[in-house]
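Structure assessment
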Amino acid sequence: MLKTSDIKTGKATATGYLLENPGGEGHPNMIVVQCQKGYLMCGYLNMDAAEKFGDAAVLVGGAGFDEVLKNQIKGATSKARELGIKDGMTGLEAAELLNA
C-alpha cells in the first residue's frame, strides 16, 4: 500500500511517499521524501545510482516519516553536499536545505 503525506520543512512543504513492506510481510518500508531540490531516501534505494544521475539525494533510515525526519543522515550525494548537507544532520535539517 502506498501512503503519501505533506511534510512541513521550515517554510516549505515536501511530499513523503511510503510503500509498505514492498518485499512482503516483515520487510521494511520504502520511503522517499521529495523536496524542491532533491530528496531523502531509505536504504532500499541506491546511492550510487543517485550519484550517477546527479541527484541531490540524502540517505536516512527509519520505518516512517517521523523517524526519517528525526534520525541522522547516513550519507549524501556530492550534489546534496554542494547544497549544504553535512554529516550529523537530521533528516529534517537536510530536507529544509533541499526544500529552500
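Model, not experiment: these values are computed from the prediction.

Attention now goes to the sheet that holds strand β3 (residues 30-34). Spatially, the 6 strands line up as an open sheet ordered β1-β2-β3-β4-β5-β6, and their pairing is mixed. Pairing within the sheet leaves two strands with one partner each, and these edge strands are β1 (2-9) and β6 (73-76). Averaged over all neighbouring strand pairs, the angle between strand axes comes to 20°, with direction disregarded. Relative to β3, strand β2 (residues 12-19) is paired through 5 bridges, and the arrangement is antiparallel. The residue of β3 that forms the bridge with Thr15 is Gln34. On top of the sheet, helix α4 (residues 91-98) reaches β1, β4 (39-41), β5 (57-60) and β6; it is set at about 150° to β4, its chief contact.

What follows concerns the state of the cysteines. Applying the stated criterion across every chain yields a total of 0 disulfides. Cys35 supplies the cysteine sulfur nearest to Cys42, a cysteine that is in no disulfide, at a spacing of 14 Å. Here Cys42 falls in the buried class, since its relative accessible area comes to 5%.

Cut-offs and rules
Residues numbered from 1 in each chain as written. Predicted model: local features only at pLDDT ≥ 70, side-chain atom pairs only at ≥ 80, totals over all residues. Heavy atoms only, no water. Pairing = 2+ DSSP bridges. Helix = DSSP H or I, 4+ residues; strand = E, 2+ residues; numbered from the N terminus. Axes fitted to C-alpha atoms, helices over the stretch in contact; angles between N-to-C directions. Contact = heavy atoms within 4.5 Å. Disulfide = S-S within 2.5 Å. Buried < 20%, exposed > 50% of the residue type's maximum accessible area, 1.4 Å probe, protein only.

Read these as geometric descriptors, not functional statements.
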